[in-house]
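Summary of structural features
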Number of protein chains: 2
Amino acid sequence: MVTSKRAPRSRPWRSSSALPLRPAKAWQSTRDTETGRIALALPSPTTPGGRFRPKAFSGEVVPFRTTAFREGHDRIGVHVRLYSPSGDESLHRLSALNDGFDRWATLIAPTEQGVWRFRFEAFADDFATWEHAADLKIAAGVDAALMREIGAQLFDRAVAERSRPVAQRRVLTDAAARLRDIGVSDADALEIVRDPAIAEFFAQRPLASLVTIGELQELLVERERAGVGAWYEFFPRSEGARRLKDGTVKSGTFRTAAKRLPGVAAMGFEVLYLPPIHPIGRLNRKGRNNTLDAQPGDPGSPWAIGTTEGGHDTVHPELGTLADFRAFVRAAGALGIEVALDLALQAAPDHPWVAEHPEWFTTLPDGSIAYAENPPKKYQDIYPVNFDNDPEGIKAEVLRVVRLWISQGVKTFRVDNPHTKPLQFWEWLIATVNAEDPDVVFLAEAFTRPAPMQALAMAGFQQSYSYFTWRNTKAELEEFLGWIANDTADFMRPNLFVNTPDILTEYLQFGGRPGYKVRAAIAATASPLYGVYAGYELYENVARPGSEENIDNEKFEYKFRDWGGAVDRGESLAPYLTRLNEIRREHPALRQRRNFSAHWSDDDAILVYSKHLAADVSPTGRSDTIIVVANVDPHSVRQTMVHLDTRIWGVRPGDAFEVEDLVTGDHWTWSDHNFVRLDAFHEPVHILHVKES
Amino acid sequence: MVTSKRAPRSRPWRSSSALPLRPAKAWQSTRDTETGRIALALPSPTTPGGRFRPKAFSGEVVPFRTTAFREGHDRIGVHVRLYSPSGDESLHRLSALNDGFDRWATLIAPTEQGVWRFRFEAFADDFATWEHAADLKIAAGVDAALMREIGAQLFDRAVAERSRPVAQRRVLTDAAARLRDIGVSDADALEIVRDPAIAEFFAQRPLASLVTIGELQELLVERERAGVGAWYEFFPRSEGARRLKDGTVKSGTFRTAAKRLPGVAAMGFEVLYLPPIHPIGRLNRKGRNNTLDAQPGDPGSPWAIGTTEGGHDTVHPELGTLADFRAFVRAAGALGIEVALDLALQAAPDHPWVAEHPEWFTTLPDGSIAYAENPPKKYQDIYPVNFDNDPEGIKAEVLRVVRLWISQGVKTFRVDNPHTKPLQFWEWLIATVNAEDPDVVFLAEAFTRPAPMQALAMAGFQQSYSYFTWRNTKAELEEFLGWIANDTADFMRPNLFVNTPDILTEYLQFGGRPGYKVRAAIAATASPLYGVYAGYELYENVARPGSEENIDNEKFEYKFRDWGGAVDRGESLAPYLTRLNEIRREHPALRQRRNFSAHWSDDDAILVYSKHLAADVSPTGRSDTIIVVANVDPHSVRQTMVHLDTRIWGVRPGDAFEVEDLVTGDHWTWSDHNFVRLDAFHEPVHILHVKES
């Protein structure tokens, strides 16, 4: 492990391995084949196939890794050289993982937004090679004089480097003289070989030869909110909706919905996502519970967009005006909440696009426009867009719509079913929008197969829905959470929604209140991005029979909820969600994606993981470690031993450390093997903070 | 599964999915982003990192695979277009693997040597989309007239294609008319939708739109011997060596060694590898059993190359002359045996290079030249080459040496310890030599970590030594054999030597004669490349104590072996090796690398695998299937059930088929579940041929 001085705070990165910058011109490449003099391969961060840029969010701790090796036994070293978007150049030392696969790595947290470039540089580490041989040989009395002279010559070489600090050069001049002095015993010469101060000189500024420079790579760093956030979803029409005396309902509006904002902010949510806010089609409108014939007063699905009053560029008159919307966004912003809009590229039959641009849809031989369908099923309230008849026209219109909402203060879009539109369309749209405003974030609601789901992320989506809701057992969660933290983190950022208007899993339907707690705790602590759809805190767990959605679904009707009453009656999860969001805010380890480590427990329902952030890469400059122990069986009391790899947070196996349960406030002394008992009906999850000793 | 006509025999490939060639100009790309209109990703064959060309040998059955998908539910198709080195262009249809990962694949065996290019082409399969929808909807009485008209318009489009055969166009004209004829019932129209002849028209020549053309890829096809061969290794100095009356030994020569060639040929070996044939250094020569001081008469290690009589360009005088060597190579060739030479880039202290080119070695501060060492151990009979002092000089010299031996009839080099020389040197050497003669094959003797081992293969080595000798349990072998057949086959071809002068594993030391049989049978059947070092057939299993090498190692002395006597006494494995090589010759399935499939057995020592070659890609035009069942515990009798996935060779689960044991001649009727009993002391391995029904 190479130790190093901390970099000054003004740098656009945090790193545990920064070195004094050595100008690139000092290096030379000997490369004349595909392989360099020292082999460098498989650089990362990267994306599968290498066609797309890998990405990170500002402040994300990213492992920079490469394969590097040379022939024979001589020692090598590996650096990574980073160029920030504004031109800051920095050099960081990698450590050998010694995993048998010749992988090298270091952790760096880039903070500046934009496209970074990086390259790996491998070199023969002449001091380390000599140190290893001289240590063995002088101690064994083999070739001692020769090894001393070789060392002296290396120190001469270092002294000749003008960029090396004068104090170092003075020490090395003296050391070279002593190595050559036959009056100095071999035992004393060995002390020079083993001098930690000298070793540190060469760790900071290696004596390098055979320098091999890898290819330049790129890394896109996006704003922190692209990768970190607690999301909340509500239907503005339900917030403040009132049932009138005649039995009809008066819709909530942006003004009434704004009254709910302080409650959402008090729970600690950071992004508020609204289902489509546009006029809802009247032709073939769906009724309650997805019935085909709407009754008078049924508000329809917000995803059936468009009437003669307007389409994607228009606010539903029942919600208010565009000015009301702007006021809502401002009010949210004042509370620290960012508003995310839905982008659902489809049209109700009465959407203005249908009359004005029938070429944006599919016209059948009988002259009719094709409904959405999955033969023989039909979805007659929606016309899917056909992107192939007039791609340029559609692109221009969607760009106009997106720019319009950006101009109203929206920076985040939750995109409905992007996997039913051409991948290349999204690649184009996101690149075009981000070129104008790199802060705009797109979340892909693509519940689809792994290939298209991952391709959408690579093509530009900053966030993704995922399979989280269907990963419920310990084994499933351990694999899934490890996967999103490690395997796909260079390009995909799953946002772990615990429920949506479309998803009420069997786990929630039948897991009772403990199930709701468990899922929220895992989502909030395992991933820096998670989300909750309103009603979760009221344990709304009744499904439409035979489906995986809530009965009396809010997609097709207004919901009336008594948030405060539920809290007063002790029947709300809101206080728990509030505490989870507080913990997320206080613990930067939870605002990272890649620092997830699963640990062992002897019980098949006790999931154990930790999230650790080292001081050198932490925004606070202090290390932060959280251990989560969750009983994922919501129907039982479980007790077991949990076995921790405490070395991850710098504690030697067997040593004791103090933990605090951030939910209950309990304190315990833990070590690497600990007994836990988790009662699903009391607190099914420990969220433990490791106290610094 | 798309069926298709067989391609004419003159084509430089064999394929089960060839289509009538459709000129590239008929296609158009709509690509204007990184992603095409239809997503294509992760093409293979390929190499990790994509920097090096993937490779195959002539006649090797290669899976061509890609990820391909589009938005929504419409059907797509995928082709691969191949360009042979001489310009043959062909088109092949991929099948969806339906594995949930949107992978598509087909098997093609390129036969022409050289650099092939290929690209994947994805398209909306308009006929298949309509067929699926029309089948469901007309049967359900939904939109029948509309679906009929859409189909008629598709058929009109096909009829307008001038390249479509007239007979097809006539059928489709009629079908379109019937679809439009209101006198034809929907039930009859459904018959047209489901007409297999029409489906076959469109399988052969799809109605494609949204055509997306992937990037051109390359595949290097090398000669068959680069990937297929049974190797034998002997020390020519031992073949015909005689102990004289004074106790000294008269070395064998190329002339005496040539007398052993018919015996090697009779065993069925195809490549004969000779350890270095050059003068052996006298300075610091090693004695018997790797002792430091040779006694008079000790011949020394052939890998300590060079005396004042000459170095790498010279034949050891005791073996004969260069003319004798050429005669030996010719005699081998007449018996169908190719001679492989060793290329060991190191020098004995008395090698001419040392005096003439001290700059090719490392000179120490005391003026001496550095021995090979692994501190504090020293290898004083060998000077390692330093490739960095005069790289151009060394490259020129090595190229001269290699060209010299090529001019003497050598086409194959077994390279000693290539991982102790710069990777980029090998990349340059092999590319340079293969540009002059693409038939030259290099085998890397790199017993090292996975990264450098695989990098050497990617950088150009046609063959590699591997971890095979250390994979002995069923679980180890199943993983290893699957790995070399699938995961690394695009760039690495392990040659499964069962022993070498350096390797006599504990399995062989303590496994008795059954152990020798088991290892040979697995090596010969699981991999198209395998090798045997002379003495294996005599069960030479005594190791130098504490080592993993034979005692009285042939590297340091002459060996006197009575090949014929051992056979006569029934104490030789030669008849078994002979039968293995006959089986390899008669069964093209065993001359393939990537067709390995592991099957299940209930016993932890019964290894089961099959090798299947489909008729369409077989050089014989007939399918070939071998099932191997091996008891890898050489000390026991084992009986168990084996469970086969018979679909691999086209047999439905539960159906019976006939097998013949190619070793014993026994015949059995097998199905997917079979009882086996394998007696290590009788025949530990079944090699079963599946009879065509």
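Keep in mind that this is a model prediction, so the values were computed, not measured. (Residues numbered from 1 in each chain as written. Chains lettered and ligands numbered in written order. Predicted model: local features only at pLDDT ≥ 70, side-chain atom pairs only at ≥ 80, totals over all residues. Heavy atoms only, no water.)

Of the regular secondary structure elements, chain A holds 16 helices and 34 strands. In terms of its C-alpha atoms, chain A occupies a principal-axis envelope of roughly 110 × 60 × 45 Å. Here chain A holds 693 residues, and the buried ones make up 60% of them. When contacts within chain A are restricted to residue pairs at least 6 apart in sequence, those whose partners lie at least 24 apart make up 75%. Surface exposure of chain A reaches about 26700 Å², of which carbon and sulfur atoms provide 52%. (Helix = DSSP H or I, 4+ residues; strand = E, 2+ residues; numbered from the N terminus. Buried < 20%, exposed > 50% of the residue type's maximum accessible area, 1.4 Å probe, protein only. Contact = heavy atoms within 4.5 Å. Areas by Shrake-Rupley, 256 points an atom, 1.4 Å probe, with all protein chains shown as cover.)

Before going further, it helps to examine the pattern of salt bridges. Counted by the stated rule, this structure contains 111 salt bridges over all chains. A salt bridge links Asp143(A) to Lys137(A), with the shortest nitrogen-to-oxygen separation between them at 3.2 Å. Arg53(B) is paired through a salt bridge with Glu218(B); the nearest N and O atoms lie 2.8 Å apart. Note that Arg53(B) is positioned in the loop between strand E3 (39–44) and strand E4 (55–57) and Glu218(B) in strand E12 (residues 217–222), a separation of 165 residues in sequence. The network of salt bridges with shared partners includes Arg37(A), Arg70(A), Glu71(A), Asp74(A) and Asp388(B). (Salt bridge = Lys/Arg side-chain N within 4 Å of Asp/Glu carboxyl O.)

A few words on the relation of the copies chain A and chain B. Screw-axis analysis of chain A against chain B gives a translation of 0.0 Å along the axis, an RMSD of 0.0 Å, and a rotation angle of 180 degrees. With respect to symmetry, the two chain copies, as superposed, fit the operation of a two-fold axis. Using C-alpha coordinates, one finds that chain A approaches the rotation axis most closely at Gly49(A), a distance of 4.0 Å. By residue overlap, the copies meet face to face through one surface: 100% of the interface positions of chain A are interface positions in chain B. (Least-squares fit on C-alpha atoms with pLDDT ≥ 70 in both.)

Here the focus is the packing of aromatic side chains. Applying the stated criterion across every chain, the model contains 67 aromatic pairs over all chains. Judged by centre distance (4.5 Å) and plane angle (45 degrees), the rings of Tyr516(A) and Tyr536(A) are tilted. You can see Tyr516(A) sitting in helix H14 (residues 506–526) and its partner Tyr536(A) sitting in the loop between strand E26 (529–533) and helix H15 (563–568), a full 20 residues away along the chain. Taking relative accessible area as the criterion, Tyr516(A) reaches 1% and is therefore assigned buried. Since its relative accessible area comes to 0%, Tyr536(A) is described here as buried. Three or more aromatic residues joined by ring pairs make a cluster, and in this case those are Tyr232(A), Phe234(A), Phe254(A), Phe269(A), Phe325(A), Phe328(A), Trp405(A) and Tyr530(A). One residue, Arg117(B), lies across the ring of Tyr83(B), its end atom 5.0 Å from the ring centre. Taking the ring centre of Phe468(B) as reference, the NZ or CZ of Arg519(B) above it sits at 4.0 Å. (Phe/Tyr/Trp six-rings, centres within 6.5 Å; stacked < 30°, edge-to-face > 60°. Lys NZ or Arg CZ within 6 Å of the ring centre and 35° of its normal.)

On to unusual backbone geometry. Residues and elements named next belong to chain A. Ser44 connects to Pro45 through a cis peptide bond whose omega is 15 degrees. Residue position: Pro45 is located in the loop between strand E3 (39–44) and strand E4 (55–57). One non-glycine residue, Asp143, lies in the positive phi region at around 50 degrees. Relative to the assigned elements, Asp143 resides in the loop between helix H1 (126–140) and helix H2 (144–159). The phi angle at Asn417 is positive, at roughly 45 degrees, despite the residue not being glycine. As for its position among the elements, Asn417 is in the loop between strand E22 (412–416) and helix H11 (423–436). Overall, Asn417 belongs to the partly exposed group, its relative accessible area being 28%.

Bringing the confidence of the model for chain A into the picture now. All names here are of chain A. For chain A, the mean per-residue pLDDT works out to 95, and 97% of the residues sit at or above 70. For residues 1–8, every residue scores under 50 in pLDDT, and the model assigns this stretch 16 contacts once sequence neighbours within four places are set aside. Confidence over residues 24–31 falls short of pLDDT 50; this stretch has 24 contacts with residues more than four positions distant or in other chains. (pLDDT = per-residue confidence, 0-100.)

Another aspect to go through is the sheet that holds E22(A). All names here are of chain A. One open sheet holds the 8 strands; their spatial order is E24-E23-E22-E17-E16-E13-E26-E25, and the pairing between them is parallel. Edge strands, defined here as strands with exactly one partner in the open sheet, are strand E24 (463–464) and strand E25 (496–497). The pairing of strand E16 (residues 271–274) with strand E17 (residues 338–343) spans 4 bridges and is classified as parallel. Looking at the pairing, Tyr273 lines up with Ala340 of E17. In the packing of H11 onto the sheet, the strands contacted are E17, E22 and strand E23 (441–445), and the crossing angle to E23 comes to about 160 degrees. (Pairing = 2+ DSSP bridges. Axes fitted to C-alpha atoms, helices over the stretch in contact; angles between N-to-C directions.)

Chain A puts 58 residues into the contact, and the matching count from chain B is 58 residues. Between Asp102(B) and Arg449(A) there is a salt bridge; the shortest N-O distance is 2.8 Å. Mapped by element, the contributors of at least two residues to the side of chain A that touches chain B are E3, strand E5 (62–69), H1, H2, strand E19 (372–374), H11 and helix H12 (450–459) of chain A. Split into classes, the residues belonging to the side of chain A that touches chain B amount to 24 nonpolar, 14 polar and 20 charged. (Nonpolar A, V, L, I, M, F, W, Y, C, P; charged D, E, K, R; others polar.)

All names here are of chain B. Spatially, 8 strands are ordered E24-E23-E22-E17-E16-E13-E26-E25 in an open sheet, and the strand pairing comes out parallel. For this open sheet the edge positions go to strand E24 (463–464) and strand E25 (496–497), each flanked by a neighbour on one side alone. Sheet topology places strand E13 (residues 229–233) next to strand E16 (residues 271–274); 3 bridges connect them, and they run parallel. Bridge assignment links Glu233 to a residue of E16, and that residue is Tyr273. Packed onto the sheet, helix H10 (residues 391–407) meets strand E17 (338–343), strand E22 (412–416) and strand E23 (441–445) and runs at close to 145 degrees relative to E22.

Let's shift gears to the packing of helix H2 (residues 144–159) of chain B against helix H3 (residues 166–180) of chain B. Residues and elements named next belong to chain B. Contact geometry for H2 and H3: axes closest at 8 Å, N-to-C directions at 160 degrees. Relative to H3, the element H2 is oriented roughly antiparallel. Both H2 and H3 take part in a crossing whose hand is left-handed. Contact with H2, carried on its side by Arg148, Glu149, Gly151, Ala152, Gln153, Phe155, Asp156, Ala158 and Val159, involves Arg169, Leu172, Thr173, Ala175, Ala176, Arg178, Leu179 and Arg180 of H3 and no other residues of that element. Here the residues of the contact of H2 with H3 sort into 8 nonpolar, 3 polar and 6 charged. (Parallel < 35°, antiparallel > 145°, perpendicular 65-115°, else oblique. Left-handed = near helix turned anticlockwise from the far one by under 90°.)

Quick look at the pairing of E23(B) now. Residue and element names in this part refer to chain B. Within E23, 5 of the 5 residues are buried, leaving the element largely enclosed by the surrounding structure. Residues Val441, Leu443 and Glu445 point to one face of E23 and Phe442 and Ala444 to the other, with burial holding for every one of them. Here 5 bridges tie E22 to E23, and the two strands are oriented parallel to one another. When the sheet's bridge partners are listed, Phe413 is paired in E23 with Phe442. With 2 bridges connecting them, E23 and E24 associate as parallel partners. Looking at E24, one finds that Leu443 is bridged to Gln463. Each parallel crossover has a hand, and for E23 linked through helix H12 (residues 450–459) to E24 it is right-handed. (Right-handed = clockwise from strand over helix to strand, strands pointing away.)

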